[in-house]
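A structural walkthrough
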Amino acid sequence: MEHYFEEDRLVLILKQIQNKNCITLTEIAERLDVSTRTIRNDIKNLNDIFGDTAFIDGEQGSYRLYIIDMEGFEKKREDIFKLNG
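This text gives an overview of the structure that appears in the document.

Cut-offs applied
- Along each chain, residue indices are assigned from 1 in the same order as the chain's sequence is written.
- Reporting of local features is limited, given that this is a predicted model, to residues whose pLDDT is at least 70; pairs of side-chain atoms are given and counted only at 80 or more, and all residues count toward the totals for whole chains, interfaces and linings.
- Computation of side-chain values covers all heavy atoms of the structure but excludes hydrogens and water.
- The rule for a salt bridge is simple: a side-chain nitrogen of Lys or Arg has to be within 4 Å of a carboxyl oxygen of Asp or Glu.
- Think of it this way: any DSSP run of H or I at least four residues long counts as a helix, any run of E at least two long counts as a strand, and we number them from the N terminus.
- Using a 1.4 Å probe on the protein chains alone, a residue whose accessible area is under 20% of its type maximum counts as buried, one over 50% counts as exposed, and one in between counts as partly exposed.
- Throughout, the arc means the angular range of directions from the helix axis out to the C-beta atoms.

What about the pattern of salt bridges?
- Under the criterion given, the structure shown has five salt bridges.
- With a closest N to O distance of 3.2 Å, Asp48 and Lys44 form a salt bridge. Taken as a pair, Asp48 and Lys44 lie in helix α3 (residues 36-50) at a separation of four residues, close to a single helical turn.
- Residue classification places Asp48 among the exposed positions, given a relative accessible area of 51%.
- Lys75 is the salt-bridge partner of Asp79, the closest N and O atoms lying 3.0 Å from each other. With Asp79 and Lys75 both in helix α4 (residues 70-84), this residue pair falls four residues apart, about one helical turn.
- Overall, the relative accessible area of 29% leaves Asp79 in the partly exposed class.
- Residue classification places Lys75 among the partly exposed positions, given a relative accessible area of 48%.

Quick look at helix α2 (residues 25-32)
- All buried positions along α2 are accounted for by Leu25, Ile28, Ala29 and Leu32. The buried side chains of α2 occupy one side of the element, clustering within an arc of 95° when seen end-on.
- Residue Asp33 follows α2 closely and has a positive phi angle near 55°.

Here you go:
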C-alpha cells in the first residue's frame, strides 16, 4: 500500500484525468488508496489552482477536465508538476 502526500496526489489525479476522457471518483480513489472525500478535496484544490484557466467537473460520479485557456492551463500544470512531481 502506497501513501501519497497531497502534492503527489494532485499530480497523479491530474495525470489520471488527462489520460482518460472521463474517470470516476471511485476509480481515482482506489488507484491512490484514499477515500473519495480526499479526492474531492484534492480536485477542489486543483480547481483553485487552475483559477479561470481550467476546471475539473464531476457529473454523476464521473470527472472530466475542461480547459478554457490552454496557454494558462499549461503554465499552471507545469508549475504543479515542477513543485509536486
